[in-house]
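Examining the three-dimensional arrangement
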Amino acid sequence: MSELSINTTQNVKINFKAASVGERIGSYFIDLIIKIAYGIVVYGIFFYWMGMNHFLDNGDMWSVISIILIFYFPIIIYSITMESIFEGQTIGKKLNKIKVVKIDGYQAGFGDYLIRWFFRLIDVSLFYGVIGMITIASNKRGQRLGDMAAGTSVISLKNNINISHTILEEIGNAYVPTYPLVIKLSDNDMRIIKETFLKADATNDYEIISKLVNKIEHVTGIKNQSGNNRDFIRIVLKDYNFYTQNM
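Every chain is numbered on its own, with residues counted from 1 as its sequence reads. The model is predicted, so local features are restricted to residues of pLDDT at least 70 and side-chain atom pairs to those at 80 or more, both for listing and for counting; the totals for chains, interfaces and linings are taken over all residues. As a rule here, side-chain values cover all heavy atoms of the structure and leave hydrogens and water aside.

**As for the nonpolar core**
Keep this limit in mind: Take the buried residues of types Ala, Val, Leu, Ile, Met, Phe, Trp, Tyr and Cys, join any two whose side-chain atoms come within 4.5 Å, and each joined set is a nonpolar core. Relative accessibility thresholds used throughout: buried, under 20% of the residue-type maximum; exposed, over 50%; partly exposed, between the two (1.4 Å probe, protein chains only). Comment: elements are numbered from the N terminus, with helices defined as DSSP H or I runs of at least four residues and strands as E runs of at least two. Contact definition: two residues touch when any of their heavy atoms are within 4.5 Å.
Within the largest apolar cluster, 19 residues are counted, with the highest numbers of intra-cluster contacts made by V182, M190, I193, F232, I233 and V236. Mapped onto this core, the elements with two or more residues apiece are α9 (187-202), α10 (206-220) and α11 (229-245). Not counting the four nearest positions on each side in its chain, I233 is found in contact with I193, F197, I209, L212, V213 and I216. If you look at the next biggest cluster of nonpolar residues, it comprises seven residues, including I80, I98, V100 and V154.

Right, here's the structure in full:
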C-alpha cells in the first residue's frame with residue numbers, strides 16, 4: 001500500500017495510505033452486486049409482475065430503448081450520486097473504508113466526481129478494468145486516469161488513530177458553543193484544520209496559525225471573537241464537535 005502525501009493550502013504535508021487495488025476492486029464488486037440486485041428487482045416488478053415485457057416485445061426499437069434507459073438510469077449514475085451524497089464514498093467504499101479526496105486535502109466536489117464518472121468508461125468499462133488497475137498500481141498516488149484528471153485520489157480510512165489525529169475534541173456536557181457557522185465545514189475540512197493546527201502549535205508557527213484563522217473566517221463567515229488565534233481554533237474545533245454530535 002503506497003503512501004500518499006497531500007499538501008494542504010497551508011503548505012503542510014499530511015500523509016495517508018492510498019487505497020490498494022484490492023480494496024478498490026472489492027468496493028467495485030460490492031457496488032456491482034447492489035446494481036445487479038436493483039436491476040433484478042426493477043425487471044421483476046415492472047417487466048414481469050406488471051407485464052411491461054409485453055410492451056418490449058411489441059414496441060418500436062426507440063421506445064424500447066427509452067423505457068430501458070429510464071428504468072436503469074439509476075444504475076448508470078450510481079457512483080456519481082453516491083459519492084456526491086456520502087462525500088466521496090459509495091456503499092462499497094464505505095464498507096471497505098476508503099474514500100475519494102482531493103490531492104490538495106480538501107473535500108472533493110460534484111465536478112470532481114463527475115470527471116471521475118466520465119473516465120470510468122476508459123478506466124473500468126474498457127478491457128474489464130485492466131487500464132484502471134494498471135494505472136492505480138503504477139501510480140505513486142494510487143490514481144486511475146479519472147483521478148488524475150480530477151486531481152483526486154482514493155485513501156484508506158483504516159489507519160490506527162487516536163483522538164489527537166481525528167476531528168474529535170473532548171467537551172463536557174455543559175459546553176456552550178460560540179460559532180454555529182462551523183457547520184459549514186465538512187469532516188475532512190476539520191481534520192485538516194486540526195492536523196495543521198497541532199503541527200503549527202507544536203512549532204510555534206504563528207504565520208501558519210494566522211493563515212488558518214483567515215481561511216476559517218473566509219470560508220465560514222465567522223469572526224474571531226477571542227482575540228487569540230490559538231484559542232479561536234480550539235473553540236472552532238470544539239464547536240464543530242458539539243454541533244455534529246447534536247445534529
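**Points about α9**
Heads up, the condition is: By definition here, a helix of n residues has an expected span of 1.5 Å times n minus one.
Given a rise of 1.5 Å per residue, 16 residues ought to cover 22 Å, and the 23 Å separating the end C-alpha atoms of α9 matches this to within 8%. Those residues of α9 that fall on the buried side of the exposure criterion are N188, D189, M190, R191, I192, I193, K194, E195, T196, F197 and A200. Just downstream of α9 lies N204, where phi reads positive at about 55 degrees.

**Quick word on the packing of aromatic side chains**
Where we set the bar: Paired rings are identified among Phe, Tyr and Trp, the last through its six-membered ring, by centres lying within 6.5 Å, and are further divided according to the angle between planes into stacked (under 30 degrees), edge-to-face (over 60) and tilted (the rest).
If you walk through the whole model with that rule in mind, you get four aromatic pairs. Consider the rings of W117 and F118, whose centres lie 5.2 Å apart with planes at 55 degrees: the pair is tilted. For W117, a relative accessible area of 23% corresponds to the partly exposed category. Plain terms: the ring middles of Y179 and F232 are 5.3 Å apart, the flat faces sit at 75 degrees to each other, and that makes the pair edge-to-face. With Y179 in the loop between β4 (152-156) and α9 and F232 in helix α11, this residue pair connects regions lying 53 residues apart in the sequence. Comparing Y179 with F232 shows no difference in burial state: the two are buried.

**Overview of the pairing of β4**
Threshold: Think of it this way: DSSP has to see at least two bridges between two strands before they count as a pair.
The buried fraction of β4 amounts to five of the five residues, a majority that puts the element mostly inside the structure. Alternating residues of β4 divide into T152, V154 and S156 and S153 and I155, and every residue in both groups is buried. Note that strand β3 (residues 98-102) and β4 share five bridges and pair antiparallel. When the bridges of β4 are listed, I98 appears paired with S156.

**Remarks on the pairing of β3**
Looking down a regular strand, the side chains alternate between one sheet face and the other. Within β3, five of the five residues are buried, leaving the element largely enclosed by the surrounding structure. With burial as the criterion, each face of β3 is covered, one bearing I98, V100 and K102 and the other bearing K99 and V101.

**What about the environment of M82?**
The topology assignment puts M82 in helix α4 (residues 78-85). Residue classification places M82 among the buried residues on the basis of a relative accessible area of 15%. Sequence separation between M82 and K93 is 11 residues; the distance between their C-alpha atoms is 9.8 Å. Ignoring any residue separated from it by four or fewer positions in sequence, one finds M82 in contact with Q89, T90 and I91.

**Examining the packing of helix α1 (residues 21-49) against helix α7 (residues 130-138)**
For clarity, the cut-off: Axes here mean lines fitted to C-alpha atoms, for a helix over just the part in contact, with angles spanning 0 to 180 degrees between N-to-C directions. Should the near helix be turned anticlockwise from the far one by less than a right angle, the crossing is left-handed, and should it be turned clockwise, the crossing is right-handed. Gly falls in the polar group here, along with every residue not listed as nonpolar (Ala, Val, Leu, Ile, Met, Phe, Trp, Tyr, Cys, Pro) or charged (Asp, Glu, Lys, Arg).
Here α1 crosses α7 at 150 degrees, and the two axes come no closer than 10 Å. Seen from above, α1 lies across α7 with right-handed handedness. Contact residues: V21, R24 and I25 in α1; M133, I136 and A137 in α7. Residues that form the contact of α1 with α7 fall into these classes: five nonpolar, no polar and one charged.

**A short note on the pattern of salt bridges**
Selection rule: Here a salt bridge means any side-chain nitrogen of Lys or Arg lying within 4 Å of a carboxyl oxygen belonging to Asp or Glu.
Within the structure shown, the criterion is met by 11 salt bridges. Where D123 meets R144, a salt bridge forms, and the shortest distance between an N and an O atom there is 2.6 Å. On the criterion of sequence distance, the pair formed by D123 in helix α6 (residues 110-125) and R144 in the loop between α7 and α8 (145-150) is long-range, its members being 21 residues apart. Between R234 and D231 there is a salt bridge, with the nearest N and O atoms lying 3.3 Å from each other. Here the residue R234 and the residue D231 both occupy positions in helix α11, the gap between them amounting to three residues, near one helical turn. Judged by its relative accessible area of 36%, D231 is partly exposed.

By themselves, these figures tell us nothing about what the structure is for.
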